[in-house]
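Structure assessment
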Amino acid sequence: MISKRAFLHSAACAGISLLGVNAARAARADLVYPTRQVKWVVPYAAGGATDVLSRLICQHLTERLGQPFVVENKPGAGSNIGTQAVITSSPDGYTLLLTSTANAINASFDPSLPYDFAKGIAPVAGVARIPLVLVVSNDLPVHSVADFIAYAKANPGKLSVASSGIGTSLHLSGELFKAMAGVDFIHVPYRGSAPGLTDLMSGQIQGMFDNVTSSFELVRSGKIRALGVTTRERSETMPDVAPISDTLPGYETASFYGVGAPHDTPPQIVELLNKEINAALADPVIKARLGELGAIPIAGNAGQFGAMLVVETERWRKVVELSGYK
């Protein structure tokens, strides 16, 4: 027979245990996420690789987490308007940012920015890298990177090379090429890749550094010619096009995309999002779609993506300084 003292001790222990279970349940309840729509801010106009990448991941997150992840395009000022909107949002996991090369570039390109990207955004996960490619008009009598360099040296200042705007990865990839190859050409900035590619096809300009995503169909159809990709490895989308670094050792650039959240977003939410985004990148259907876009998945935890952002910011800082642009 259980003594009164033993009974009371047992009851007390059970009560403490029950309190512990209830506390754990309450803690988990506090971390239930998401319970409503999540806004995924793309700081660019609708259309193009940024939208495709975002919608692929958002569809996966919607299906896995049971709440809609909705893409909201907020373009302007070289991605700064959308970026600032996310930085100043509540750090509750309900506003996310499609981060990109522009964020790494702008940190050095515009010292007057009203925010500090490194301090204002918590890295969540990488999504993909997209190689750039040097493409030229079919009218230009060159068929390799070496030919292009030789032609540029023989015709200093006579080549016009387009980009999607001053301070973009496309523009600065050209500036890095100029410096490393010791050539000179005229930079012609456009409002996006599409109008630049249109003038390239018509022969109004002679060359362009562009994302493989938007140029590979034009290359495949023979409307423009690809000379070299900017990554050290060949692109799956353009396997016959050699890396520029084969001719210019050490040359390397790429566009990258990832996900960030306002600083102080709870680490449990960051960890959950990172886990699900990595699961999306491993999904065979999504992997195949990324391959069609020429995109290379960026897997890893939030800390690894944060370290990558530091490396990329330093890499582009050097290119910005080299270019002399502000």
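Summarised in this report is the structure supplied together with it.

What counts and what doesn't
- Residues numbered from 1 in each chain as written.
- Predicted model: local features only at pLDDT ≥ 70, side-chain atom pairs only at ≥ 80, totals over all residues.
- Heavy atoms only, no water.
- Pairing = 2+ DSSP bridges.
- Helix = DSSP H or I, 4+ residues; strand = E, 2+ residues; numbered from the N terminus.
- Axes fitted to C-alpha atoms, helices over the stretch in contact; angles between N-to-C directions.
- Contact = heavy atoms within 4.5 Å.
- Salt bridge = Lys/Arg side-chain N within 4 Å of Asp/Glu carboxyl O.
- Buried < 20%, exposed > 50% of the residue type's maximum accessible area, 1.4 Å probe, protein only.
- 1 Å grid on protein atoms, 1.4 Å probe; cavity = no way out; pocket = protein on both sides within 12 Å on 5 of 7 lines; lining within 4 Å.
- Points joined across faces, edges and corners; volume = space filled by probe spheres on them.
- Polar contact = N/O pair within 3.5 Å; in protein donor to acceptor, adjacent residues only side chain to side chain.
- Nonpolar A, V, L, I, M, F, W, Y, C, P; charged D, E, K, R; others polar.

Comments concerning the sheet that holds strand S8 (residues 207-211)
Overall, mixed pairing links the 5 strands, which are arranged S7-S6-S8-S5-S9 in an open sheet. Looking at strand neighbours, the two that pair on one side only are strand S7 (186-189) and strand S9 (225-229), the edges of this open sheet. Here the strands of the sheet are splayed against their neighbours by 30 degrees on average, with no regard to which way each runs. Bridge analysis of strand S6 (residues 160-163) against S7 gives 4 bridges, and the strand direction is parallel. Looking at the pairing, Ser163 lines up with Pro189 of S7. Lying on the sheet, helix H7 (residues 169-181) is in contact with strand S5 (132-136), S6, S7 and S8; it crosses S8 at an angle near 130 degrees. Contacts between helix H9 (residues 212-220) and the sheet are confined to S5, S8 and S9, with S8 contributing the most and set at about 120 degrees to the helix.

Considerations on the pattern of salt bridges
Counted under the stated rule, the structure contains 14 salt bridges. Between Glu233 and Arg129 there is a salt bridge, and its shortest N-O distance comes to 2.7 Å. With Glu233 in the loop between S9 and strand S10 (255-262) and Arg129 in strand S4 (residues 121-130), the pair connects residues that are 104 residues apart, well separated along the chain. You can call Glu233 partly exposed: its relative accessible area is 31%. The residue Arg317 makes a salt bridge to Glu321 at a minimum N-O spacing of 2.6 Å. Residue Arg317 and its partner Glu321 are both found in helix H12 (residues 302-323); the two are separated by 4 residues, about one turn of the helix. For Arg317, a relative accessible area of 26% translates into the label partly exposed.

Digging into empty space enclosed by the protein
Counted according to the given criterion, the structure contains 1 cavity of 30 Å³ or more. Each pocket or cavity is described by its volume, and for the largest cavity that value is around 30 Å³. Forming the boundary of the largest cavity are Val161, Ala162, Ser163, Leu170, His171, Gly174, Glu175, Phe185, His187 and Phe209. Taken together, the elements giving at least two residues each to the lining of the largest cavity come down to S6 and H7. Examining the composition of the lining of the largest cavity, we find that 4 residues originate from one element, H7, more than from any other.

Overview of the side chain of Thr213
Here Thr213 is to be found in helix H9. A polar side-chain atom of Thr213 sits 2.7 Å from the main-chain carbonyl oxygen of Leu293.

Quick look at the sheet that holds S4
Pairing is mixed across the open sheet formed by 6 strands, whose spatial order is S2-S1-S3-S10-S4-S11. Sheet topology places strand S2 (69-73) and strand S11 (296-297) at the edges, where each strand pairs with a single neighbour. Relative to strand S3 (residues 95-100), strand S1 (residues 38-42) is paired through 3 bridges, and the arrangement is parallel. In the sheet register, Trp40 faces S3, and the bridge partner there is Leu96.

As for the layout of surface pockets
Approximately 1000 Å³ is the volume attributed to the largest pocket. Lining the largest pocket we find 38 residues, and of these Tyr44, Ser164, Thr168, Gly192 and Ser193 sit closest to its centre. Where the lining of the largest pocket is concerned, the elements lending two or more residues are helix H2 (49-65), helix H4 (101-109), H7, helix H8 (193-202), H9 and S10. The residue inventory of the lining of the largest pocket, partitioned by class, reads 15 nonpolar, 21 polar and 2 charged. For the second largest pocket, the calculated volume is near 260 Å³. Mapped by element, the contributors of at least two residues to the lining of the second largest pocket are H4, helix H5 (117-120), S4 and H12.

On their own, these measurements won't tell you what the molecule is for.
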